[in-house]
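Read off the chains here:
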Amino acid sequence: MRFITRSLLLLLASALIISAVANRLPNPNGVNTQATIDAEPNPLLANWEGPYGGVPPFDKVQVVLFKPALEAAMTENLADVDKIAKDPAASTFENTIVAMERAGSTLDRVSTLYAVWAGTMASREFQVVQREMAPKLAAFNDQISQNLPLFKRIEAVYNSPAKKNLNSEQQRLVWLYYTNFVRSGAKLNAADKARLSQINQQLAGLFTKFSQNVLAEEDGEFVALKSDADLAGLPQSVRDAAAAAATTKKQEGWVITNTRSSVDPFLTYSDRRDLREKVWRMFVMRGDNGDEHDNNATITQILQLRAERARLLGFPTHAHLRLENSMAKRPERAMQLMLAVWKPAVARVHEEVTDMQALADKEGLSIKIAPWDYRYYAEKVRKAKYDLDQNEVKPYLQLEKLREGIFWVAGELFNFKFTPATDVPVAHPDIRVWQVTDKTSGKQIGLWYFDPYARAGKRSGAWMNAYRSQERVNGEITTIVSNNANFVKGKPGEPLLISWDDATTMFHEFGHALHGLNSNVTYPSLSGTAVARDYVEFPSQLMEHWLSTPEVLNKFAVHYQTGKPIPQELVDKIKRSATFNEGFITVEYLAAALLDMKLHMAGDKKIDPRVFEKEALDELGMPHEIVLRHRLPQFMHVFSSDSYSADYYSYLWADVITADAFGAFTEAGGPYDKKVAERLRKNIFSVGNTIDPAEAYRNFRGRDPKVEALMKKRGFPS
Ligand SMILES: [Zn+2]
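None of the values given here were measured: they were computed from a predicted structure. (Residues numbered from 1 in each chain as written. Predicted model: local features only at pLDDT ≥ 70, side-chain atom pairs only at ≥ 80, totals over all residues. Heavy atoms only, no water.)

Let's talk about the overall build of the chain
Link 1 in the chain: A count of helices and strands for the chain gives 29 helices and seven strands.
Link 2 in the chain: On C-alpha atoms alone, the chain measures out to a radius of gyration of 25 Å, which is about the 27 Å that the 2.2 N^0.38 rule sets for 718 residues.
Link 3 in the chain: With the C-alpha coordinates aligned to their principal axes, the bounding extent of the chain is approximately 85 × 60 × 55 Å.
Link 4 in the chain: Looking at the 718 residues of the chain, the share that counts as buried comes to 59%. (Helix = DSSP H or I, 4+ residues; strand = E, 2+ residues; numbered from the N terminus. Rg over C-alpha atoms; globule rule 2.2 N^0.38 Å. Buried < 20%, exposed > 50% of the residue type's maximum accessible area, 1.4 Å probe, protein only.)

See the structure below:
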C-alpha cells in the first residue's frame, strides 16, 4: 500500500471531485455489481499489459466493475499489510518499509482507473458508486493507519540505531511513514481511534454531499439569452459556445451555463449590465440558495469535525495539523506572507477601480462599479491603456501548435522527445497519447496522455493526473501522466484557438507532467509530484514562464491562416500589460486563501459560514467591487475533500519560489541556459520527495527564496 497520503488520499481527493453530467438517471440501486464478477475475473484487477511496460486497460472499464474491483483490491491490500504486521522476524527497513512500498499495487491500479472515471467520465451511474464507496475507502484507510502491530514495527525502524546506516532517501521514507502514521492516529488509544475513524467516514460523506450539491447547481441552473439584443458585446467565440450550450440544455437560442468557463467570458464582454448582474448572481450563489442543495450547514459540520480531529491528534487546530509537513510548517507563517501581499494588492485594486470608474463616467453612465462590472471594465481599460485586445492575440494561439511548443521546451530543458503512441487504449476517443524518450539515448521515460476537450461527466478546469509513478522497487517502472483540460471543440477541420490565459494554463499543467516524467527516485511514495502541497505548484508555475519566451512565440505562436509568427508589437503589448489587473487577480484569490486559513485556525468555534464570510471580509477590508474567487458554499478546494483545506495559500507560497527561481535563469544566460536547466532537473524536477523542499531549493538556488521577485512579477511595490 504505499502510503496513505499518497495513493489513498489522492484517490479519496480526486474521487470526490466530479463533474456535471447530462446522463439519464438510472435506478440508483440498480448497479448490480455481483453478476459480472462471479462469472469471470475482473479486468480492472489485472496487471497492466501491452507495450511501454504495460498501459492502463481503459478499454476494459465498465462502471459496474468498479465496486467489486475496489473491494477485492482493498481486501488484498489488507492481507498484504497484515502479513507485514505479523511477520515473526524483528522489523527492519526491508521487511517493513520496503514491504509496505511493494504492497497494494493492485489497489493503485484500480484507483487510478477509478480516479480517471471520477474526473473525466462521471456518469450518474458512476456517481452512485462514488457515494457508496467514499466512506468505505475512508474506513479502509483508517484500518491501515490504525493497525497497531504495523505501527509498532514502523516505530521500531524509526527508532532503531540501524537507521543511520540507511541512505538519505531511505531515511526520509522512514520519517515519512512514521510521521504520517502518527498524524493519522496511530498513537491514539482504542476509543480515540474509533472516534477518529468515525470522523473520517462522516467527513467523506459530507465531502461527497458538498461536491454533488455544487455540481447539481452548476448543472441545473443557467441564464437563457433569447434575442440578438441579449448578445450585445459578445465576440463570436462566446456566441458559438453559448449556442452549443443551448443545444446541450435543449433550449432555443443561447445559454450561459453556471460554470466559470461560461460565466467569465460573458462578464468580460456583455454590454448588458442587467444580464451581467443576473449571471453574476447565479454564479456566486452556488450552494447558497437556501434550497436542498444549500451547503452552509454542511460546512459547519465539516469544520467542527475537522477541529475535533485536530484536537484528538494533538494539534491546536486543523490548520496546524495540515501545515506540519508543509514547507511553510506553521499557519502563522503562511498568514504572514498572505498579509504582506494583501495590502499592496488591495491598494492596487483601488487604483484599478478608479481607472474603471473614470471610463464608466466618460461613457456618461451614472453607475458605480459593482462586482458584475469588474471584468467588463477591466477589459475596456486594458484596451484603452495598452491597446491590447485579447481577441487580437487568439488567432496566433492554436492549441496543437502550442502543444508542439511545450514539447520543444521539454526538449530544450530536459532533453525529452515526444512521439505519438497510437497503439494504447484510451478512455475516450478524444484522448491522444505520446511516448516520451530521451533525445540522445532513446531510452523510454514514460507516456503522456492528453485529454483536451470538455464533455459531460468531466470536471471543469485543467489538471494533471499521474497514472503510474516512476520507481525502482518493483523493477524499472516508468511514468505515465496525463494533462486534462476543458476546451470547447472547434469546428471540424479548423484549428482550435485558445486565449493567452489558457495557453499559460497549458504550460502550467505540462509543468506538473514534467515534474512526474523527470522523477528519478527509488521508492514510489517519494516519487514525482508526491511533494508538499505548498511546493507542488512550484514546478508547474515555473513552466508558465516559457510561453512568453521569443523562441516559443516565434516558432509556435503562428497565425492560423497566414502561418506568420505573432508580431513583436503585439508581444510587447502583452508584456507591457503583464501586471495589468493584478490587483483583481491577487485579491479575489488571496481573500479566499485568507478565509480558508482563518476558518481552519478558528478551532472549535461553531461557525455560520454566511456570518463568518461577511465579518472576516469586513475585517480584512475587502474591496466592495470584488467577490471571493470561491465563496464558502462552493469552495470545492476546501470542502470537497481535505486535500486543499488550509492549503489554498499554497499557490501564493509556490509563486514566491517560482518568481525567485526564474531569476536564476535570467541572471544566467536566459530561459534556455543549459547549466541552470540541469541544476533545475537535478535538484527540483527529479528528486520528488526524497529531500526536504527547502533544502532542495537551496541546492538549486544557493539560498532561500526571497519575496521580492514575486512583488515585482505582480507589479507591487516591495
Ligand atoms: Zn497546478
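Description of the pairing of strand β2 (residues 254-257)
Along any regular strand the residues' side chains alternate between the sheet's two faces.
Link 1 in the chain: On β2, burial covers both faces: W254 and I256 on one face and V255 and T257 on the other are all buried.
Link 2 in the chain: In the sheet, strand β1 (residues 222-225) pairs with β2 via four bridges, with the strands oriented antiparallel. Its bridge partner lying in β2, V223 is registered against I256. (Pairing = 2+ DSSP bridges.)

Here's the deal with the sheet that holds strand β7 (residues 479-487)
Link 1 in the chain: One open sheet accounts for five strands, arranged β3-β4-β5-β7-β6; its pairing is mixed. With partners counted over all chains shown, the strands left at the sheet margins are β3 (416-420) and β6 (463-468), one partner each. Across the sheet, the axes of successive neighbouring strands diverge by a mean angle of 25°, strand direction being ignored.
Link 2 in the chain: Bridge count for strand β4 (residues 432-438) against strand β5 (residues 444-453) is six bridges, and the pairing is antiparallel. (Axes fitted to C-alpha atoms, helices over the stretch in contact; angles between N-to-C directions.)

Examining the pattern of salt bridges
Link 1 in the chain: Inspection of the entire model under this criterion finds 51 salt bridges.
Link 2 in the chain: Here K329 ties to D692 by a salt bridge, and the two come within 3.8 Å at their closest N and O atoms. Linking K329 in the loop between α14 (318-323) and α15 (331-362) with D692 in the loop between α27 (674-685) and α28 (693-701), this pair joins segments that are 363 residues apart in sequence.
Link 3 in the chain: Overall, the relative accessible area of 40% leaves K329 in the partly exposed class.
Link 4 in the chain: Between E400 and R432 there is a salt bridge; the shortest N-O distance is 2.7 Å. Taken together, the residues E400 in helix α18 (residues 399-414) and R432 in strand β4 connect sequence positions 32 residues apart. (Salt bridge = Lys/Arg side-chain N within 4 Å of Asp/Glu carboxyl O.)

Description of the packing of helix α6 (residues 124-145) against helix α9 (residues 190-220)
Link 1 in the chain: It is at 8 Å that the axes of α6 and α9 come closest, and there the two elements cross at 160°. When the interaxial angle is binned, α6 and α9 end up roughly antiparallel. Like other packed secondary-structure pairs, α6 and α9 cross with a definite hand, here right-handed. When α6 is examined against α9, the residues R124, Q127, R131, A134, P135, A138, A139 and D142 are found in contact with a partner set consisting of L196, S197, N200, Q201, A204, T208, Q212 and D219. (Parallel < 35°, antiparallel > 145°, perpendicular 65-115°, else oblique. Left-handed = near helix turned anticlockwise from the far one by under 90°. Contact = heavy atoms within 4.5 Å.)

Structural notes on the side chain of T586
Link 1 in the chain: With respect to the element layout, T586 can be found in helix α23 (residues 582-601).
Link 2 in the chain: Once you skip the residues sitting within four places of it in the chain, T586 turns out to touch V341, A345, R714 and F716.

Quick look at helix α7 (residues 148-159)
Link 1 in the chain: With 12 residues, α7 ought to run about 16 Å at 1.5 Å a step, and its terminal C-alpha atoms sit 16 Å apart, in line with that.
Link 2 in the chain: Residues of α7 that are buried: L150, F151, R153, I154, E155 and V157.
Link 3 in the chain: Looking at the buried residues of α7, the elements they touch are α3 (63-85), α4 (93-102), α6 and α8 (168-183).
Link 4 in the chain: Capping the start of α7, N147 holds a side-chain oxygen 3.1 Å from the backbone nitrogen of L150, two or three residues further along. (Expected span 1.5 Å × (residues − 1). Polar contact = N/O pair within 3.5 Å; in protein donor to acceptor, adjacent residues only side chain to side chain.)

Some details on the coordination of the zinc ion
Link 1 in the chain: Only H508 (NE2), H512 (NE2) and E537 (OE) from the protein reach the zinc ion as donors, at distances of 2.0 to 2.1 Å.
Link 2 in the chain: Donor residues binding the zinc ion come from one chain and are separated in sequence as H-x3-H-x24-E. Here H512, found in helix α19 (residues 500-517), pairs with E537, found in helix α20 (residues 533-543); they are 25 residues apart in sequence, far enough to count as distant.
Link 3 in the chain: Judged by relative accessible area, which is 8%, H512 ranks as buried.
Link 4 in the chain: Taking relative accessible area as the criterion, E537 reaches 4% and is therefore assigned buried. (Donors = N, O, S within 2.8 Å, 3.2 Å for Na, K, Ca; no water.)

Some remarks on the confidence of the model for the chain
Link 1 in the chain: Model confidence for the chain is summarised by a mean pLDDT of 91, while 95% of its residues fall at 70 or above.
Link 2 in the chain: For residues 1-38, every residue scores under 50 in pLDDT, and the model assigns this stretch 112 contacts once sequence neighbours within four places are set aside. (pLDDT = per-residue confidence, 0-100.)

Section: the environment of A244
Link 1 in the chain: Mapped onto the elements of the fold, A244 is located in helix α10 (residues 236-248).
Link 2 in the chain: Remark: the alpha-carbon pair of A244 and V255, spanning 11 residues in sequence, is separated by 8.1 Å.

Things to note about the packing of aromatic side chains
Link 1 in the chain: Going through the model one piece at a time under the given rule, you end up with 43 aromatic pairs.
Link 2 in the chain: Geometrically, the ring pair formed by Y648 and Y651 is edge-to-face, given 5.7 Å between the ring centres and 70° between the ring planes.
Link 3 in the chain: Relative accessible area serves as the criterion here: at 4%, Y648 is assigned to the buried category.
Link 4 in the chain: Counting every residue linked through ring pairs, the aromatic cluster contains F58, F66, Y114, W117, F126, Y449 and Y467.
Link 5 in the chain: In this structure, R286 is placed above the aromatic ring of F283, and the distance from its NZ or CZ to the ring centre is 3.8 Å. (Phe/Tyr/Trp six-rings, centres within 6.5 Å; stacked < 30°, edge-to-face > 60°. Lys NZ or Arg CZ within 6 Å of the ring centre and 35° of its normal.)

Observations regarding the packing of α18 against α27
Link 1 in the chain: Viewed as axis vectors pointing N to C, α18 and α27 meet at an angle of 90°, and their least axial separation amounts to 8 Å. Comparing their axes, α27 and α18 come out roughly perpendicular. Taking contact as the criterion, the partners of E412, L413 and F414 in α18 are, on α27, K674, A677, L680, R681 and F685.
Link 2 in the chain: In terms of residue class, the contact of α18 with α27 is made up of five nonpolar, no polar and three charged. (Nonpolar A, V, L, I, M, F, W, Y, C, P; charged D, E, K, R; others polar.)

Notes on unusual backbone geometry
Link 1 in the chain: Despite not being glycine, K250 has its phi angle at roughly 55°, a positive value.
Link 2 in the chain: With respect to the secondary-structure elements, K250 resides in the loop between α10 and β2.
Link 3 in the chain: A positive phi angle, near 70°, is found at K329, a position not held by glycine.

Side note on the environment of L313
Link 1 in the chain: Within the secondary structure, L313 sits in the loop between α13 (296-312) and α14.
Link 2 in the chain: Sequence separation between L313 and K193 is 120 residues, and the spatial gap between their C-alpha atoms is 9.8 Å.

Comments concerning the pairing of β6
Link 1 in the chain: Where burial is concerned, most of β6 is hidden: five out of the six residues are buried.
Link 2 in the chain: Examined bridge by bridge, β6 and β7 share five bridges and lie antiparallel to one another. Counted as the bridge partner of W463 is N484 from β7.

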